[in-house]
Amino acid sequence: MASVRPERFAPVVADWFLRTLRAHSEFDTGVIDLLDTPLPTDLTDSATATAYRARLAAADAFVVITSEYNHGYPAALKTAFDTAKREWRAKPIGFVSYGGLSGGLRAVEQLRQVVAEIHMVSIRETVSFHQAKKQFDAAGETQDGAAIDAAERLLGQLAWWARTLRAARTTDPYPG
Ligand SMILES: Cc1cc2nc3c(=O)[nH]c(=O)nc-3n(C[C@H](O)[C@H](O)[C@H](O)COP(=O)(O)O)c2cc1C
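What counts and how
Residues numbered from 1 in each chain as written. Predicted model: local features only at pLDDT ≥ 70, side-chain atom pairs only at ≥ 80, totals over all residues. Heavy atoms only, no water. Helix = DSSP H or I, 4+ residues; strand = E, 2+ residues; numbered from the N terminus. Buried < 20%, exposed > 50% of the residue type's maximum accessible area, 1.4 Å probe, protein only. Contact = heavy atoms within 4.5 Å. Near = heavy atom within 4 Å. Polar contact = N/O pair within 3.5 Å; in protein donor to acceptor, adjacent residues only side chain to side chain. Areas by Shrake-Rupley, 256 points an atom, 1.4 Å probe, with all protein chains shown as cover. Nonpolar A, V, L, I, M, F, W, Y, C, P; charged D, E, K, R; others polar.

**Student:** Honestly, the side chain of Ser102 in this entry has me stumped. Any pointers?
**Tutor:** Its place among the elements puts Ser102 in the loop between β2 (92-98) and α4 (105-117). Of the residues examined, Ser102 reaches a relative accessible area of 16% and is grouped as buried. Apart from the residues lying within four places of it in its own chain, the contact partners of Ser102 are Glu68, Ser128 and His130.

This is the structure we're talking about:
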C-alpha cells in the first residue's frame with residue numbers, strides 16, 4: 001500500500017483487492033503497508049529497512065496499491081523501490097490504482113518505467129478506479145464490473161508469471 005496520508009482512501013481499495021486475492025488459493029498473501037513501514041528517504045540502513053528487504057526476498061510476486069498525486073505516484077513508493085535491489089529481480093509486479101479522473105493510470109505508466117529498471121516484469125492488466133470514492137459502497141464493495149474483471153485477469157497473469165519466474169530462478173539463476 002503506497003499512500004501514507006493519515007486520511008487516505010487506500011485501505012478501502014486494498015481491502016477489496018485482498019478479499020478478491022484471497023479467494024485464489026494459489027496465493028499466500030502478506031501486506032506491506034508503507035504507513036507502518038517507515039523507510040528512510042535518504043536510503044540509509046535501518047532495522048525496518050532490513051526487515052522490509054527480507055519480506056521482499058521471500059516473495060515471488062507483488063501488487064502495488066497506489067493512488068495518483070499530481071500525475072505521479074506517492075513518494076513513499078519510490079523510496080520503497082529504491083530501498084531494495086536484488087530482492088525485486090526477475091519477479092512480477094501488478095498494479096491496482098485509484099484517483100480522480102485518470103484512475104491513477106498516469107502513476108502506473110510511470111511505475112512501469114521504474115520496475116523495468118529494477119529487473120521486474122510488469123503485469124499488463126491493470127485495475128483502475130477513477131473517481132474512486134464513488135466506486136465503493138459503505139461496506140467497501142464495488143459494482144465496477146470492469147475493475148472486477150480486470151482484477152481476475154491481473155491475478156491470472158500474476159500467478160502465471162510468479163510460477164514461471166520462480167521455476168526459472170531456481171533452475172537458472174537470473175544473470176542480473
Ligand atoms: C496532493 C494530491 C494530488 C493529487 N493529484 C491527483 C492527480 O494528479 N490525478 C488524480 O486522478 N487524482 C489526484 N489526486 C486525488 C487522489 O488520487 C485521491 O484523493 C486519492 O484518494 C488519494 O489516495 P489516498 O487517499 O489513499 O492517499 C490528488 C490528491 C492529492 C492529495
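**Student:** Explain unusual backbone geometry here, please?
**Tutor:** You will see that Leu43, though not glycine, has its phi angle at about 65 degrees, which is positive. Tracing the backbone through its elements, the reader meets Leu43 in the loop between α1 (10-22) and α2 (47-58). Phi is positive for Gln131, close to 45 degrees, though the residue is something other than glycine. Tracing the sequence through the fold places Gln131 in the loop between β3 (121-129) and α5 (145-171). By relative accessible area, Gln131 is classed as partly exposed at 32%.

**Student:** Which parts of the structure should I look at to understand the site of the ligand?
**Tutor:** As a matter of local geometry, the ligand sits amid 17 residues, with Ser3, Arg5, Tyr69, Tyr98 and Gly100 nearest to it. At 2.7 Å from an oxygen atom of the ligand is found a side-chain nitrogen or oxygen belonging to Arg5. In the complex, the protein chains occlude 75% of the 620 Å² of accessible area that the ligand would expose alone. Its residues assigned to classes, the shell around the ligand comprises five nonpolar, seven polar and five charged.

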